[in-house]
Structures are given as structure tokens and as C-alpha cells.
Amino acid sequence: MLNLIKRDAIIQKKQLYVFIPFMLFFILMQVPPILTFLVVSIYIPMNAYAYDEKAETNILLNSLPYTRKQIIAARYIGSVFYITLSVLLTIAILLLLNQPFEWHDVGIGVMSSILFSSFAFPMYYIFKRGYVSLATMIAFFILVAFVPMILPKISNQLTNFLHFVQELSLSVIYGSVVSITIVIYLFSWLITMTIYERKAF
Amino acid sequence: MEPIIDLQNVSKKISSFSIDEMNLQVEKGMVTGFIGENGAGKSTTIKLIMNLLKPDTGDVKLFGLDYATHEKEIKERIGFVYDSNIFFEGMNLKDIKRVVAPAYRQWDDALFKNYIDQFELPMNKAIKSFSKGMQMKASIALAISHHAELIIMDEPTAGLDPIFRRELLNLLQELMLDSNQTIFFSTHITTDLDRIADYIAFIQNGKLLFNHSTEEIKDQYAVVKGSNDLLDRDTEQFFINVKRTNSGFNALTNQPKTVQNVFEDTIIMERATLEDIMYYSKGGKEHAKSY
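Since we're looking at a predicted model, the values are computed, not measured. Here the residue index of a chain counts from 1 through its sequence in written order. All chains are assigned letters beginning with A, and all ligands numbers beginning with 1, in the order in which they are written. Confidence filtering applies because this is a predicted model: local features only for residues at pLDDT of at least 70, side-chain atom pairs given and counted only at 80 or more, and all residues used for totals across whole chains, interfaces and linings. Side-chain numbers here rest on the full set of heavy atoms in the structure, without hydrogens or water.

**Observations concerning the interface of chain B and chain A**
What counts, and what does not: Here, two residues are considered to be in contact whenever any of their heavy atoms come within 4.5 Å of each other. The buried area of a pairing is the accessible area, by a 1.4 Å probe, that goes missing from both parts when the two are put together, added over both. Salt bridge, as used here: a side-chain nitrogen of Lys or Arg that lies within 4 Å of a carboxyl oxygen of Asp or Glu. Think of a polar contact as two N or O atoms within 3.5 Å of one another; within protein, one of them needs to be a possible hydrogen donor and the other a possible acceptor, and neighboring residues in sequence only count if both atoms come from side chains.
If you look at the interface, chain B gives 25 residues, while chain A gives 23 residues. For the pair chain B and chain A, the summed buried surface comes to about 2200 Å²; carbon and sulfur atoms form 64% of the total. For chain B, the biggest contributors to the area lost against chain A are Leu52(B), Lys72(B) and Phe88(B); these three give 27% of the whole. On inspection of chain B and its partner chain A, the count reaches zero salt bridges. Inspection of the region where chain B meets chain A yields eight residue pairs in polar contact (both at pLDDT 80 or more).

**A closer look at the sheet that holds strand E12 (residues 239-245) of chain B**
Residue and element names in this part refer to chain B. Inclusion rule: Strands are treated as partners if at least two bridges between them are detected by DSSP. Helix numbers and strand numbers start at the N terminus; a helix is a DSSP run of H or I with at least 4 residues, a strand a run of E with at least 2. In this analysis, axes come from line fits to C-alpha atoms, helices being fitted only over the stretch in contact, and the angle between any two N-to-C directions falls in the range 0 to 180 degrees.
Pairing is antiparallel in the open sheet, where four strands are placed in the order E12-E13-E11-E14. The sheet is open, and its two edges are formed by E12 and strand E14 (268-271), each paired on a single side. Here the average twist between neighbouring strands, direction ignored, is 20°. Bridging between strand E11 (residues 222-226) and E14 involves four bridges; their strand directions are antiparallel. Note on E14: the bridge partner recorded for Val 224 is Met 269.

**Section: the packing of helix H4 (residues 109-119) of chain B against helix H5 (residues 132-143) of chain B**
Residue and element names in this part refer to chain B. This is how it is decided: When an angle is under 35 degrees it counts as roughly parallel; over 145 it counts as roughly antiparallel; between 65 and 115 it counts as roughly perpendicular; any other value is oblique. In this scheme the handedness of a crossing depends on how the near helix is turned from the far one: anticlockwise by less than a right angle means left-handed, clockwise means right-handed. All residues other than Ala, Val, Leu, Ile, Met, Phe, Trp, Tyr, Cys, Pro, Asp, Glu, Lys and Arg, Gly among them, are scored as polar; the first ten of these are nonpolar and the last four charged.
It is at 9 Å that the axes of H4 and H5 come closest, and there the two elements cross at 160°. One way to sum up the angle between H4 and H5 is to call them roughly antiparallel. Both H4 and H5 take part in a crossing whose hand is right-handed. Where H4 abuts H5, its residues Phe 112, Tyr 115, Ile 116 and Phe 119 lie against Lys 137, Ile 140, Ala 141 and Leu 142. The residue makeup of the contact of H4 with H5, split by class, is seven nonpolar, no polar and one charged.

**Re the packing of aromatic side chains**
Spelled out, the test is: Ring pairs shown here join Phe, Tyr and Trp side chains whose ring centres sit within 6.5 Å, with only the six-membered ring taken for Trp; geometry is labelled stacked below 30 degrees between planes, edge-to-face above 60, and tilted in between. Under the scheme applied here, a residue whose accessible area is under 20% of the maximum for its type counts as buried, over 50% as exposed, and between as partly exposed, the area being computed with a 1.4 Å probe on protein chains only. Placement of a charge over a ring requires the Lys NZ or Arg CZ to be within 6 Å of the ring centre, with the centre-to-atom vector within 35 degrees of the ring normal.
Counted according to the given criterion, the structure contains 20 aromatic pairs over all chains. Their ring planes at 85° and their centres at 6.5 Å tell us that Phe238(B) and Phe263(B) sit as a pair that is edge-to-face. In this pair, Phe238(B) is assigned in the loop between helix H9 (233-236) and E12 and Phe263(B) in helix H10 (residues 256-263), connecting sequence segments 25 residues apart. On the basis of relative accessible area, Phe238(B) is assigned to the buried category, the value being 17%. On the basis of relative accessible area, Phe263(B) is assigned to the buried category, the value being 6%. Aromatic rings pair up to connect Phe19(A), Phe22(A), Phe26(A) and Tyr43(A) into one cluster. Lying across the ring of Phe63(B), Arg77(B) places its NZ or CZ 4.1 Å from the centre. Positioned above the aromatic ring of Tyr279(B), the side-chain terminus of Lys243(B) is 4.6 Å from the ring centre.

**A few points about the environment of Met1(B)**
Checked against the element boundaries, Met1(B) lands in the segment before strand E1 (5-14). For Met1(B), a relative accessible area of 78% corresponds to the exposed category.

**Some thoughts on the pairing of strand E7 (residues 150-154) of chain B**
Residues and elements named next belong to chain B. Taking burial as the measure, the five residues of E7 include five buried ones, the bulk of the element. Alternating residues of E7 divide into Leu 150, Ile 152 and Asp 154 and Ile 151 and Met 153, and every residue in both groups is buried. Sheet analysis places strand E6 (residues 78-81) next to E7, joined by four bridges and oriented parallel. The residue bridging Ile 78 from the neighbouring strand is Leu 150, located in E7.

**Overview of the domain arrangement of chain B**
All names here are of chain B. Convention followed: Note that the domain bounds reflect an automated or database-derived domain assignment.
Segmentation of chain B into domains returns domain 1 (5-217) and domain 2 (221-281). Here the C-alpha centroids of domain 1 and domain 2 sit 35 Å apart. Taken residue by residue, the interface counts 13 residues in domain 1 and six residues in domain 2. Interface area, domain 1 with domain 2, both sides summed: about 850 Å², of which 70% is carbon and sulfur. When the buried surface of domain 1 facing domain 2 is broken down by residue, Thr 190, Phe 202 and Ile 217 rank first, second and third, together holding 49% of it.

What follows is the structure in C-alpha cells.
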């Protein structure tokens, strides 16, 4: 398993030379730190995926002595690992350059990228190569079309919900956001694993 | 003794193509050549053996173990070579080795280095800059450096020049000096097989027509030539397929002794090459067991 996670670093060695200037550019352009954290934490997992999307890569990985469960586990655990690493690096650079940022920027950035990965990973494995962007577009249009329709109908409940949230303490809100994100991530892991187990290469 | 590869009644349907009730056993210490025309199901069968595809029905066992419970153990003992490059194109051999090697407990770095020297492969060049032959050499070096007991190759000689094909066959022969080694490889270049194969498995339209030793094939198949008036409904039964021309007929039989007895001196009988067998089998009747 560790080998599979290490593999991402070997494959992406060259990408890392792009990654750091890219991160510096974001920081020096005074992009809001929250966005910087979001982008840097998505960068490595998504890039790693770009390699794994290739059919040949899956043939290779599945012919080596790994189980399909391990391959997906490495993808999910590895993502958390690389997200942590990228974020720590970003924090270090921000501190070094004396740039201001809030801890909740880090939190929201990381949580959003984990949420994004939770939706993106199973999608990547469900759809064939080349169809992912199409699927994302369709999902986007459905969202755009339906949200305005649904929103007025649930606005009452939504206001109640927001009132309810406002009354909670900040730590409870953070706590629940983190737990919900973790649950979604684990659920996504389970779905991707189920899909991957059935896949033919 | 338990077969190394054991397919029992394996069926798999993939859109319009299907593998039908395949029973295939490969014995330890043997080289089996897996032949069949393009699209006959060779790659699909290999994918079933490698667990890249799961059968709809039937069982696939390797070394007597099944994939459901012993996947890693099985793959640990297999060396694989596919017909296309499955390695990350932009990477060099050094990095590919760093991905592949740690996966195997028995990886032998000295052995790998030996092959790299022998094949004269550069370690620091991107694999996409390699010629087809070099890519194949690299795949082979990666496949045989972990003391695999079973080597599975899908069309390893396709697209290679004759010199390297011969080198490859020599290499396989060297590997076979170790009696624990088993090799299963598909090819449509049948001349490759005359030199090294002990067994020939022949697949057509998703069906395994036979899996015989090369000796059995020599004894069992013959090409028969004679004049057209020898053929009638009774005599045609002896042939798998008959091709008629104005000057006479050519046919393949898997009952050479019977044919010899029936026709005696009126026909010419020759040893059938694998190519003859493949050629006549297309559109012919099924190979009825003659023993």
C-alpha cells in the first residue's frame, strides 16, 4: 500500500517543479488564502488521477500483486496524505513570506478539496475516459436548472435551518462540518471501491 | 499434478464477443503457445487469466489458488508482458523500476541490471522514446526479474524484427532451463512456436479448439491433396475443411491413419503446419476428438 502511495510521488516528480512556482504565484498575486489552500490541496490528487485514468495504468496496477481494494485505498489515503503535505508546505511558505492567513482558511480549503475529491473520484471511475468532463457539464447544468426550482420550495426550512445553525457555537459548527466531510469521504471511498471491484480492463 | 493455469468452464460475454465454456489447463514446466487469428479471444483469455476481467461463469485458478482469496499471492508468482506499452510513457526505466520493483517481495535488482545490460537499454530515457523492440525488451526485463514461476505474454513478438524475435525465443529457452518455469504466450506468428512450444492451445471465435502437445499435433493432423473425384459425402467426413480447386482438393484431417487406409495411394499426405491448421480451421467443422 505504501508503495502505491509512494508511486504518486515518483510519477509526479516533474509535476512538483510546476507545483511550487504555481503555489508561489498564487501567494504573490495575493489571491485569498482560502483559494490558495483549496487549489494546492486539490493539485496533487487530481494530477495523480490524470495518470490513473489511463487504461494502461490500470492494467499495470492490476497485474502487479495488489488487490483492487488496495489500489483504491491508496488513492483515498494517499490523497489525504498529499493534501496534508501540500497544505503544510503552503503554510510554511506563507509564514516565511509573512503573508497573513486565518486558520479557518486552511480548514475550509482542505474540507472543500476533500469534498470535491469525494465527488470527483467515483465519477472518474464510473465514466469512461473522455466522458468525465461531459458528465461534469451535465451535472452542472442539472444543478443550475434545478436549484432555482427547488430553492423557493425549501426556503422556509432553509431559513429555519440557518437560524438553528446560527445558535450553535462555532466549535460545534466546525466539528459537524469536519465529521460530515469525513463521513462523505468514507462513503465515497466505499462507492469507488465497489465500482472498481467490478471494473473490467 | 495440479495445473499451473486452470480454466474450468469459463464463459465471458463482452458486447458482441464471447468466450464460451473454455477449459484450459497448462502444466508446470511447459511452454504453451496460444494461437488464433486476430479477434479470436486470445487477449480476452489472457485478461481472464490475469484477473483483469472476471468470468461470468466458471472458475479461474492459478497454482491451484483462486483470485477471490489469493490474489496477491498469485500475482506475486506471475511475470506479465502485454502487447502494448502499459508503462507511464513519460517516465524513464529507472522510475518505472521504482514503481514495479517494490510490488514484489522477490524482486532481484542484480538480475534486473543484468537484463538491462544484456538488452542494452538506457535507464534515463523516457520510455516513449524507445523503439517498439526496446519497449518490449524493457517489459520483458521488468517481467522476469522477480523469479516468477509463470510468465504470461500477450503477443510478445508482434511488431518485432526477426533478429530480436530470435533473441527473445533464445531468452525464453534459457529461462526454461529452470524446470519450475512455465510460460504461456499468445502469438499469431506460428513459426515462433516450432522452436520452443511444448503445447499449442488453439482458440477460434472464443472457443478453445484444442490444447495438444506439439508431438500430438504432428501425429494427429495432416494436409491431404488429391483429385476432386475422390470426394463424396462419406469421404468428406474425414476432413475438417476441404478447399477445392480445378486441379484437385486440399484438405485438413485429424484422422490421418483412417484417411491413409481409405484412400491409400490415391492421395498425397503432408505434415500440417500450425498455419495450415489455423487456415483450414477457419470455417471448418469442429475438431472432433480422434482419440
